Every structure is written in C-alpha cells, then in structure tokens.
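The lines below spell out each chain.
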Amino acid sequence: MKEKKVKAKDIDIGIDLDARKQIAEGLSALLADSYTLYLMTHNFHWNVTGPQFNSLHNMFMAQYTEQWTALDTIAERIRALGFPAPGTYKEFVKLASIKEVEGVPKATDMIRHLVAAQEATARTARKLFPVVDSANDQPTADVLTQRLDVHEKTAWMLRSLLEE
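The structure presented is a predicted model; accordingly, all values stated were derived computationally and were not measured. Along every chain, residues carry numbers that run from 1 in the direction the sequence is written. Selection of residues for local features in this predicted model requires a pLDDT of at least 70, selection of side-chain atom pairs for listing and counting requires 80 or more, and totals for whole chains, interfaces and linings are taken over all residues. With hydrogens and water stripped out, all remaining heavy atoms of the structure feed into the side-chain values.

**Q** Give a description of the packing of aromatic side chains that names residues and reports values.
**A** Two measures describe an aromatic ring pair: the distance that separates the ring centres and the angle between the ring planes. Stacked, edge-to-face and tilted are the three classes for Phe, Tyr and Trp ring pairs, Trp counted by its six-membered ring, which pair at centre distances within 6.5 Å; planes under 30 degrees apart are stacked, over 60 edge-to-face, the rest tilted. Applying the stated criterion across every chain, the model contains 5 aromatic pairs. Ring centres of Tyr35 and Tyr38 lie 5.8 Å apart, and the angle between their planes is 50 degrees; on these two criteria the pair is classed as tilted. A residue pair is termed a helical-turn pair when its members lie 3 or 4 positions apart in one helix, as Tyr35 and Tyr38 do in helix H1 (residues 17-47) at 3 residues. When sorted by exposure, Tyr35 lands in the same class as Tyr38, which is buried. An aromatic cluster of three or more residues is present, and its members are Tyr35, Tyr38, Tyr64, Trp68, Tyr89 and Phe92. Runs of H or I in DSSP of at least four residues are treated as helices and runs of E of at least two as strands, each being numbered from the N terminus. Throughout this description, buried means an accessible area under 20% of the type-specific maximum (1.4 Å probe, protein chains only), exposed means over 50%, and partly exposed covers the range between.

**Q** Explain the packing of helix H4 (residues 107-127) against helix H6 (residues 138-161) to me, and be specific about the residues and the numbers.
**A** Every axis in this analysis is a line fitted to C-alpha atoms, fitted for helices over the stretch in contact. Angles between the N-to-C directions lie between 0 and 180 degrees. Look at H4 against H6: their axes get within 9 Å of each other, and the N-to-C directions meet at 155 degrees. Considered as vectors, H4 and H6 are oriented roughly antiparallel to each other. At the point where H4 passes H6, the crossing takes the left-handed sense. Residue-level contacts link Ile111, Leu114, Val115, Gln118, Glu119, Thr121, Ala122, Ala125 and Arg126 of H4 to Leu144, Leu148, His151, Glu152, Thr154, Ala155, Leu158, Arg159 and Leu161 of H6. Roughly parallel here means an angle under 35 degrees, roughly antiparallel means over 145, roughly perpendicular means 65 to 115, and every remaining angle is called oblique. Each crossing gets its handedness from the near helix: less than a right angle anticlockwise from the far helix is left-handed, clockwise is right-handed. The contact criterion used throughout is that any non-hydrogen atoms of two residues lie within 4.5 Å.

**Q** Can you lay out the nonpolar core for me, pointing to particular residues and giving the numbers?
**A** Within the largest apolar cluster, 31 residues are counted, with the highest numbers of intra-cluster contacts made by Ile23, Leu27, Leu31, Ile74, Ile78 and Leu144. Of all the elements in the fold, those that place two or more residues in this core are H1, helix H2 (53-80), H4, helix H5 (129-134) and H6. Among the elements that line this core, the one with the most residues is H1, at 9 residues. Contacts of Ile23, omitting those with residues within four sequence positions, involve Leu81, Leu128, Val131, Val132, Ala135, Asp137 and Thr140. Remark: nonpolar core denotes a set of buried residues (Ala, Val, Leu, Ile, Met, Phe, Trp, Tyr, Cys) joined through side-chain atoms within 4.5 Å. Met40, Phe44, Met110 and Leu114 belong to the second-largest nonpolar core, a separate cluster that totals 16 residues.

**Q** Lay out the layout of surface pockets in plain terms, naming residues and giving numbers.
**A** The calculated volume of the largest pocket comes to roughly 290 Å³. As for the largest pocket, its lining consists of 14 residues, of which Thr36, Leu39, Lys99, Glu100 and Val101 are closest to the centre. Where the lining of the largest pocket is concerned, the elements lending two or more residues are H1 and helix H3 (89-95). Here the element with the most residues in the lining of the largest pocket is H1; it accounts for 6 residues. A breakdown of the residues in the lining of the largest pocket according to their chemical character gives 10 nonpolar, 2 polar and 2 charged. Note on definitions: the grid is 1 Å and covers protein atoms alone; a cavity is a set of points where a 1.4 Å probe fits but cannot get out; a pocket is an open set with protein on both sides within 12 Å along at least five of seven lines; lining residues have an atom within 4 Å of a point. Grid points are joined across faces, edges and corners, and a volume is the space filled by probe spheres set on the points. Gly falls in the polar group here, along with every residue not listed as nonpolar (Ala, Val, Leu, Ile, Met, Phe, Trp, Tyr, Cys, Pro) or charged (Asp, Glu, Lys, Arg).

**Q** Residue-level account of the pattern of salt bridges, with values.
**A** If the charged atoms of two oppositely charged side chains come close together, the side chains can form a pair. A pair is scored as a salt bridge if a Lys or Arg side-chain nitrogen falls within 4 Å of a carboxyl oxygen belonging to Asp or Glu. Across all of its chains, the model carries 6 salt bridges by this definition. One salt bridge connects Arg147 with Glu66, and the closest N-O pair in it is separated by 2.5 Å. Of this pair, Arg147 sits in helix H6 while Glu66 sits in helix H2; the two residues are 81 residues apart in sequence, bridging distant segments of the chain. The exposure class assigned to Arg147 is buried, which follows from its relative accessible area of 6%. Overall, Glu66 belongs to the partly exposed group, its relative accessible area being 28%. Residue Arg77 is joined to Asp137 by a salt bridge in which the shortest nitrogen-to-oxygen separation is 2.8 Å.

**Q** Go over H2, please, and point to the residues and values.
**A** Each helix should span, by expectation, one fewer than its residue count multiplied by 1.5 Å. In a regular helix each residue adds 1.5 Å, so 28 residues correspond to 40 Å; H2 covers 41 Å between its end C-alpha atoms and thus fits that length. Those residues of H2 that fall on the buried side of the exposure criterion are Leu56, Phe60, Gln63, Tyr64, Gln67, Ala70, Leu71, Ile74, Ala75, Arg77 and Ile78. Tucked inside the fold, the buried residues of H2 contact H1, H4 and H6. Gly82 occupies a position one or two residues after H2 and carries a positive phi of about 100 degrees.

What follows is the structure, encoded as structure tokens:
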C-alpha cells in the first residue's frame, strides 16, 4: 500500500497555511544568518592569532558550539510548520543578511565582524515577531526569544572586548 505524503496544506496545528509559510520563510532567513554566523565564528576560531589567541580561540569555540545546536532547533521548527528547511550554501547565501568575510582579519577585526553578525542575526529574529505573534505561534516565539537572548548577550560580550 502506497503511503500518502503529507503536504503543508494538510497540517492542522491551529496556524493557517499562509501564516506558517510566512513564519517558515522568516525562520529560513534566520537559519541562513545563523549558519553564516556559525561558519564565520568557526573560521575565526581556527585562524585567530595574536596576544588574545587563547581567550579568543576558546570563546569562539564556545560560541560556534552553541550556534551549531541552534541550527538544528531552527531547522526543526521549519519542518514542524510543514516546509523544507534550506540546507545548501547556495540557499544560505541567497537568504542571509550577513556577508562572508574575505581573507583572515586581525583578531580585533574578527571581533568587530562577529559583533556585526550577532547583531544582524538578532535583527533577523526580531523582524519575525509580528507575524509569529499574530499567528499565535508560541513555539516559534520561544525559539526567537532564546536566540535573541544569546545573540544580544554575545554581541555585548564581544563589544566589551573592543573597549580600551
């Protein structure tokens, strides 16, 4: 017997198809920014040099490890809403608001890039709240709140490293 494939339109969780589609699109942009931030942080972990090497190397590792786990949470929420999660570099580049960093910047510039990327990811998450609130989508609101907390706190910690 052939199994019937469940389509997004067949899902009945109390959020209509159009709202779920809008939320999934917003979460896809958040996933793209989050993945770009993850990759940037991991790259900087591998390539940081200078007097702050040990502290930055360890800090970046803690950050990319946390980010890696968050990617799965965001992608699984997209899937729970009935849509495919983006998962290729091509899709991420198209959806992300964060641009790749070329070359290997100095440690202080790495920090500046990460502050900007953390803040951009927070803006992407925050932009989705009106749609999520009007759809009464508490699980997505919870994901967004958790991500905002992490990105804003991490941006603050990184900015603190730039103080003289």
